Structures are given as C-alpha cells and as structure tokens.
Amino acid sequence: MSLAQGRPYLAIPGPSVLPDRVLAAMQRPAPNIYQGPLLEMTDALYLQLRTLAAPGAPDRVHPAIYIANGHGAWEAANTNLFSRGDRALVLVTGSFGTSWANTARRLGVEVEVMDFGRRTAADPNRLEAALRADRAGTIRAVLVTHTDTSSSVKNDIAALRAAIDAAGHPALLAVDCIASMGCDAYDMAALGVDVTVAASQKGLMTPPGLGLLWVSDRALKSCANSDLRTPYWDWTARIEATEYWQLFAGTAPTHHLFALSEALTMIGEEGLPHVWDRHARLARAIWAAVEAWGQGGDIALNVPDPAERGHSVTAVRFGGGVAGRLRAWTEAEAGVTLGIPLGAALPDEPAYQDFLRIGHMGHVNAHMVLGALAVIEAGLQALGAPHGTGAVEAAAKALLR
Ligand SMILES: *Cc1c(COP(=O)(O)O)cnc(C)c1O
C-alpha cells in the first residue's frame, strides 16, 4: 500500500516547492496595469532584485525581467551581448553549459566550447591560457554556469574572474545562476560579473515564467551596439524604462510579479546569508547520506570535491539501473519526486543514465530533506539495492555540524 498521501515533495531541481505565501500572493483579482498597487509593488521589487544579485552594491546592477523561462533568459543575454560573428568562449561543466553554447551558436555567434566534463569545475588556468592566446582580444564574452543543474558541479566564479583579469583580457563575464540564485553565495558586483542570468522557478520559489537578467554598467556601455538585438529581448528599454509597460515590452506578468515579490520578501525576512547557510547545511546532510550509502553499494556523489558541489542540487550516481527504479518507488510509494538524469550518455560515461538528482532549492527545510533521505533509504531497502547503513544518522549529524 502506498504511503504517498499527504503533501508531496517535488524534490527535482526546478520547478521547486512553492511556498503557501507565494501562492496566496497570486490569489487576487486582475490588477490595473496602469496605476496603483501593482506599480508601487514593482518599484519595491526592482530594489529587491538588485539586493538579491548584488547585496553589497545593489546600485551597481540593473535588473531586467522577461516573460520567459531560463532558455528565454539565455536568449536575452546572448542577443544583448553579441553581434553576428562575435566570438564566445563557453565553459561547460554539464548539459546546461552545452545548451547555452548551442543557443548562442544558433544565433550566429562563433562559439568555442571548453569542456571540463561533468564531475569537476572549470579550471581557471585553462581559461587564462585561452584568453592569453587570444592576443587580438576577439573573444567578446565568457559564458559559464554557476551551478550546472545536470551535474551539480559549481564553478568558482571569483577564480574565473581572476583568470580573465590575469590574462588582461577585455572579455565580459556572463554567469547562469538559474539554479544557484537564492541558494549559493553570490554577489555579482563584488565578483566582477557583467551579466547574471536567472529564472523564477528554482531558488526563487516562484512558478516558471519569469526570466531575469542583471547587467553591469560596463556591459550596458559595451553592448550598446550589439546587432543581434531584437525588440523583445533588447534590454535597453527595460533597464532605462520611463513608462511601466517598457519594463516588460508590453503587458506586465502581473501575478508572477506579486509571487516573486512575496518570495523575495521571504528571502529578505530570513536574511540572504542565512538562506545561503541553510542551503549549505541541507546540502551537507544529503552528501553525508549518499557517502554512507556508498560504503555498502554502488552509489556515489557525482562531484568528488565538496568545494565544487552546488548547494541546491545533488547528482547521485548508481550502478545496476537502480536510479530509475528508485525514482519510481519514491514517487509512487512515498510522495517524493526525485530528478531524472539530464544529458546524453558520454562514450567514457556509460553509467551516466543511471543517475538521479535531488533538488534542494528554495523552500526546503530540515524535515523535508531528512524525510526525503529516509524515503530514499526505504526505497533502497524495498528494491533490495545494496547500500551502506547509517545514512540518515550521518545526515542528521552533518546538519548539526
Ligand atoms: C533550469 C536551468 C536552465 C533552464 O531553465 P528553463 O527554465 O528550463 O529554460 C538553465 N540553466 C540552469 C543552470 C538551470 O538550472
């Protein structure tokens, strides 16, 4: 008999769990989009967004909101950053890096991919060497994911910035924070990032539908003449808007804005450093459990180095085809939905499909994570999959450490 009745836990790496407060904020009649409370809320929301992406220097970044998912936000970044034939260097640590590169290529950008595999972070030394080799400075921008959700690899943005500076190269730095914003420590002004990309449905606890960009002064100036721009994606009007409709190039995403505002208010009440710390501690609990299971079975964290693991998603490798059966079991029997593997199998990684990803982003707390881990443990037992013992105990200890 299934024990799935009750509140489900969608533990996939986006869309993430929606807080009741966010749902309640959307429960309202259609607002006037020309004056009144919606416009007042939007002013406050833009300030919240600046503070979210650049807590140390909110005035130095310019947010733009698109009615789009993360793929739309990529296109917004690409079309503003590049002109036809411009060169991009994309640092790839999983399938989202590859996809961002492909979207840029299809727009006519000359894309060079530097692939670091799926288990380790991008190497700043290789980036520096590539930029030094580009003597003419033709690489217009370096694109990288903060956390690649397919692999759960997290890149060291400060080290990558330092590599660009050490090479004395003028390239802009654009970072995909779709999976990490509101989860992992980040301050784009302090890090010297020029364009930050995010979306509403992961750490930001809002339904999918808003693509977010933050742009530095340097990028605004440097991209003023990019010729891939199209009217909808052009960030100029959105950032320098004098009319409300210009912020959204048309009708505002009214209810999504109320939802995002409520989510950012929740983050503000908890305090961003506390939000980051909560994600770090919950992540450590999950890592400890997986390591314990691995003591007695073919189960392992995808990313060996803890410093290179994102705090919002954990990719776990299995053997013997267990991952798929385990996902089916936890959802049907216990109401916990775990993430599927993403990305094609690689020649040197035949086991890549025997993978699952645990999403622990946004509105998650200790009992949800410990509960999910205990459910995975029950699933391993039910399936007769060999695994080490003491995982939940190890998770509890890691949580308190
Ligand atoms: C989810 C995700 C995307 C894609 O976002 P969509 O809303 O599905 O288009 C891109 N990059 C990263 C790092 C993500 O986690």
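About the thresholds
- Every residue gets a number counted from 1 within its own chain, in the order that chain's sequence is written.
- Given that this is a predicted model, residues contribute local features only at a pLDDT of at least 70 and side-chain atom pairs are listed and counted only at 80 or more, while totals for whole chains, interfaces and linings are drawn from all residues.
- Processing note: side-chain calculations cover all non-hydrogen atoms of the structure and skip hydrogens and water entirely.
- Following DSSP output, two strands are said to pair if at least two bridges run between them.
- Elements are defined by DSSP. Helices are runs of H or I of four residues or more, strands are runs of E of two residues or more, and each kind is numbered from the N terminus.
- Working convention: axes come from line fits to C-alpha atoms, limited for helices to the stretch in contact. Angles between N-to-C directions cover 0 to 180 degrees.
- By the convention used here, residues are in contact when the closest approach between their heavy atoms is within 4.5 Å.
- When accessible area is computed with a 1.4 Å probe and restricted to protein chains, residues below 20% of their type maximum are described as buried, those above 50% as exposed, and intermediate ones as partly exposed.
- As used here, the term nonpolar core means buried Ala, Val, Leu, Ile, Met, Phe, Trp, Tyr and Cys residues forming a set that is joined through side-chain atoms within 4.5 Å.
- Domain start and stop points were drawn from an automatic or database domain assignment.
- Here a residue counts as near a molecule or strand whenever at least one of its heavy atoms sits within 4 Å of it.
- Here a polar contact is recorded for every N or O atom pair within 3.5 Å, except that within protein the pair must consist of a potential hydrogen donor and a potential acceptor, and residues adjacent in sequence are included only if both atoms are side-chain atoms.
- Each accessible area value is a Shrake-Rupley result obtained with a 1.4 Å probe; residue values ignore everything except the protein chains displayed when judging cover.
- Here a helix's expected span is defined as the number of its residues, less one, multiplied by 1.5 Å.
- It is the directions from the helix axis to the C-beta atoms that the arc portrays.
- Here the quantity called buried area is the accessible surface, traced with a 1.4 Å probe, that two parts lose on coming together, added over both.
- One speaks of a salt bridge when a side-chain nitrogen belonging to Lys or Arg is within 4 Å of a carboxyl oxygen belonging to Asp or Glu.
- Charged means Asp, Glu, Lys or Arg here, nonpolar means Ala, Val, Leu, Ile, Met, Phe, Trp, Tyr, Cys or Pro, and polar covers whatever is left, Gly included.

1. Focus: the sheet that holds strand 5 (residues 139–145)
Inference 1: If you trace the seven strands from one edge of the open sheet to the other, you get 2-10-9-8-5-3-4, paired in mixed fashion. Pairing within the sheet leaves two strands with one partner each, and these edge strands are strand 2 (61–67) and strand 4 (110–115). Strand after strand, the sheet turns through a mean of 20 degrees between neighbouring axes, direction not considered.
Inference 2: Where strand 8 (residues 172–176) and strand 9 (residues 195–199) come together, three bridges link them in parallel fashion. Within strand 9, the residue paired with Ala-174 across the bridge is Val-195.
Inference 3: In the packing of helix 6 (residues 157–166) onto the sheet, the strands contacted are strand 3 (87–92), strand 5 and strand 8, and the crossing angle to strand 8 comes to about 165 degrees.

2. Things to note about the pairing of strand 5
Inference 1: A large share of strand 5 lies buried, amounting to seven of its seven residues.
Inference 2: Sheet topology note: the strand 3/strand 5 ladder contains five bridges and is parallel. In the strand pairing of strand 5, Ala-88 is matched with Ala-141.
Inference 3: When strand 5 meets strand 8, the two strands line up parallel, connected through five bridges. By the bridge assignment, Val-144 is partnered in strand 8 with Val-175.

3. Focus on the nonpolar core
Inference 1: If you look at the biggest cluster of nonpolar residues, it comprises 61 residues, and the most contacted ones within it are Leu-91, Trp-214 and Leu-257.
Inference 2: Mapped onto the domain boundaries, this core takes at least three residues apiece from domain 1 (9–16 + 271–400) and domain 2 (31–270).
Inference 3: When near neighbours in sequence (up to four residues on either side) are disregarded, Leu-91 contacts Met-114, Phe-116, Ala-122, Leu-127, Val-142, Leu-143, Val-144 and Leu-160.

4. Quick look at the site of the ligand
Inference 1: As a matter of local geometry, the ligand sits amid Asn-69, Gly-70, His-71, Trp-74, Phe-96, Thr-147, Thr-149, Asp-176, Ile-178, Ala-179, Gln-201 and Lys-202.
Inference 2: Between Asp-176 and the ligand, the recorded distance is 2.7 Å, taken from a side-chain N or O atom to a nitrogen atom.
Inference 3: Protein burial of the ligand: of its 380 Å² of free accessible surface, 90% is covered by the chains.
Inference 4: Ranked by the residues each element gives to the shell around the ligand, the list is headed by helix 3 (residues 70–81), at three residues.

5. Some remarks on the sheet that holds strand 11 (residues 299–301)
Inference 1: Read across the sheet, three strands follow the order 11-12-14 without closing on themselves; strand pairing throughout is antiparallel. Edge positions in the sheet fall to strand 11 and strand 14 (355–359), since each of these pairs with one other strand and no more. The average angle at which neighbouring strand axes cross in this sheet is 30 degrees, direction not considered.
Inference 2: Across five bridges, the pairing between strand 12 (residues 313–318) and strand 14 is antiparallel. Looking across to strand 14, one finds that Val-313 is bridged to Gly-359.

6. Quick look at the environment of Ala-332
Inference 1: By the element assignment, Ala-332 lies in helix 12 (residues 322–334).
Inference 2: Between the alpha carbons of Ala-332 and Ser-2 there is a distance of 6.7 Å; along the sequence they are 330 residues apart.
Inference 3: The residues touching Ala-332, leaving out its near neighbours within four places in the chain, are Ser-2 and Ala-4.

7. Notes on helix 12
Inference 1: The end-to-end C-alpha separation of helix 12 is 17 Å, in line with the 18 Å expected for 13 residues at 1.5 Å each.
Inference 2: Residues of helix 12 that are buried include every one of Val-322, Ala-323, Leu-326, Arg-327 and Thr-330, and no others. One side of helix 12 holds all its buried residues, which, seen down the axis, span an arc of 130 degrees.
Inference 3: Taken together, the buried residues of helix 12 touch strand 12, strand 13 (336–338), strand 14 and helix 13 (366–383).
Inference 4: One or two positions beyond helix 12, positive phi appears at Gly-335, with a value near 75 degrees.

8. Some remarks on the environment of Leu-338
Inference 1: Position of Leu-338 relative to the elements: it lies in strand 13.
Inference 2: Separated by 337 residues in sequence, Leu-338 and Met-1 have C-alpha atoms that sit 20 Å apart.
Inference 3: Every residue in contact with Leu-338, bar those within four places of it in the chain, is listed here: Ala-11, Ile-12, Arg-327, Thr-330, Leu-356, Arg-357, Ile-358 and Ile-376.

9. Some thoughts on unusual backbone geometry
Inference 1: Gly-14 connects to Pro-15 through a cis peptide bond whose omega is 0 degrees.
Inference 2: Among the structural elements, Pro-15 can be located in the loop between strand 1 (9–11) and helix 1 (20–26).
Inference 3: A positive phi is found at Met-205, a non-glycine position, where the angle reads about 60 degrees.
Inference 4: Turning to its location among the elements, Met-205 is positioned in the loop between strand 9 and strand 10 (210–216).

10. Quick word on the domain arrangement of the protein
Inference 1: The domains assigned to the protein are domain 1 (9–16 + 271–400) and domain 2 (31–270).
Inference 2: For domain 1 versus domain 2, the distance between C-alpha centres works out to 28 Å.
Inference 3: With 36 residues of domain 1 at the contact, the number on the domain 2 side is 32 residues.
Inference 4: Interface area, domain 1 with domain 2, both sides summed: about 2,700 Å², of which 54% is carbon and sulfur.
Inference 5: Where domain 1 packs against domain 2, one counts one salt bridge.
Inference 6: A salt bridge links Arg-278 to Glu-270; the shortest N-O distance between them is 2.8 Å.
Inference 7: Our enumeration of links across domain 1 and domain 2 arrives at 19 residue pairs in polar contact (both at pLDDT 80 or more).
Inference 8: Mapped by element, the contributors of at least two residues to the side of domain 1 that touches domain 2 are helix 11 (272–294), strand 12 and strand 14.
Inference 9: In terms of residues, the side of domain 1 that touches domain 2 owes the most to one element, helix 11, which gives six residues.
Inference 10: Residue classes in the side of domain 1 that touches domain 2 are distributed as 17 nonpolar, 13 polar and six charged.

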